[in-house]
Amino acid sequence: MDWERKMTMDSVRYFVLGVAIVILLAIILFNPIEIPNYDHWFVEIQVVEKEVKEINGDKVYLLHCEDSEGKQDIYEIAKEAIGERFEEPGVFREIKTGKYYKFQIGKAEEFGAYYPCVCGAVKLIEGFSETTAGQNH
């Protein structure tokens with residue numbers, strides 16, 4: 001008699017567990033988790049000038065850069081774009097004028113910034129690669 005009760009209790013547990021899994025799967029299927037799809041691109045640039053500017057009371061760290069064709073752009077180092085492990089002043093200090101870098105860039109709107117932002121790691125390079133020389137960015 002005791003084993004019949006135990007089997008009945010196990011059957012109820014498995015049934016409840018099965019129902020919970022089905023409900024969880026239904027929730028996931030009908031309300032999928034949205035992962036933001038950011039529009040990022042890589043650039044190879046030479047830093048020609050660095051500037052710290054105040055805009056609307058915010059301290060903004062700017063890199064004035066030039067690509068292999070001489071086209072100039074301004075990129076921002078923003079906390080939201082570089083991640084929590086780094087601070088803007090530290091990253092800004094490490095990037096040197098006159099040196100060549102490969103950056104991943106993201107749109108300013110994605111990070112609540114004023115200029116396109118340097119995202120993630122910064123890679124120091126020897127100069128422009130042959131694949132970027134003579135190409136439009």
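Residues numbered from 1 in each chain as written. Predicted model: local features only at pLDDT ≥ 70, side-chain atom pairs only at ≥ 80, totals over all residues. Heavy atoms only, no water.

Draft legend 1. Region of interest: the overall build of the protein. Each helix and strand counted, the protein has four helices and five strands in total. Listing each helix as α and each strand as β along the protein from the N terminus yields α-β-β-β-α-α-β-α-β. Split into buried and exposed, the 137 residues of the protein put 26% on the buried side. Long-range contacts, defined here as pairs at least 24 residues apart, represent 57% of the contacts in the protein between residues at least 6 apart. Accessible surface for the protein amounts to roughly 10000 Å². Of this, 57% is attributable to carbon and sulfur atoms. (Helix = DSSP H or I, 4+ residues; strand = E, 2+ residues; numbered from the N terminus. Buried < 20%, exposed > 50% of the residue type's maximum accessible area, 1.4 Å probe, protein only. Contact = heavy atoms within 4.5 Å. Areas by Shrake-Rupley, 256 points an atom, 1.4 Å probe, with all protein chains shown as cover.)

Draft legend 2. Representation of the packing of aromatic side chains. Throughout the structure, instances matching the rule amount to three aromatic pairs. Between Tyr 100 and Phe 128 the ring centres are 5.0 Å apart and the planes differ by 85°, which places this aromatic pair in the edge-to-face class. Highlighted residues: Tyr 100 in strand E4 (residues 100-106) and Phe 128 in the segment after strand E5 (117-125), separated in sequence by 28 residues. On the basis of an interplanar angle of 10° and a centroid distance of 5.7 Å, the ring pair of Tyr 101 and Phe 103 is categorised as stacked. No difference in accessibility class separates Tyr 101 from Phe 103, as the two residues are buried. (Phe/Tyr/Trp six-rings, centres within 6.5 Å; stacked < 30°, edge-to-face > 60°.)

Draft legend 3. Region of interest: the pairing of strand E3 (residues 72-77). In the sheet, strand E2 (residues 58-66) pairs with E3 via six bridges, with the strands oriented antiparallel. Residue pairing across strands places Tyr 61 opposite Ile 77, the latter belonging to E3. Hairpin connection, E2 to E3: the antiparallel pair is bridged by five residues, and Gly 70 has positive phi, about 90°. (Pairing = 2+ DSSP bridges.)

Draft legend 4. Main features of the nonpolar core. Core analysis: the largest hydrophobic core is formed by 16 residues, its most contacted members being Ile 45, Leu 63, Ile 77, Ile 95 and Phe 103. Listed by contribution, the elements that provide at least two residues to this core are strand E1 (40-55), E2, E3, helix H3 (88-94) and E4. Residue contacts for Ile 45: discarding those within four places in its chain leaves Cys 65, Glu 66, Tyr 75, Lys 99, Tyr 100, Tyr 101, Phe 103 and Phe 128. Of all hydrophobic cores here, the second largest spans seven residues; its members include Ala 81, Ala 108, Ala 113 and Cys 117. (Core = buried A, V, L, I, M, F, W, Y, C linked by side-chain atoms within 4.5 Å.)

Draft legend 5. The arrangement of the pairing of E4 in detail. With seven bridges connecting them, E1 and E4 associate as antiparallel partners. Bridging from a neighbouring strand, Val 43 pairs with Phe 103 of E4.

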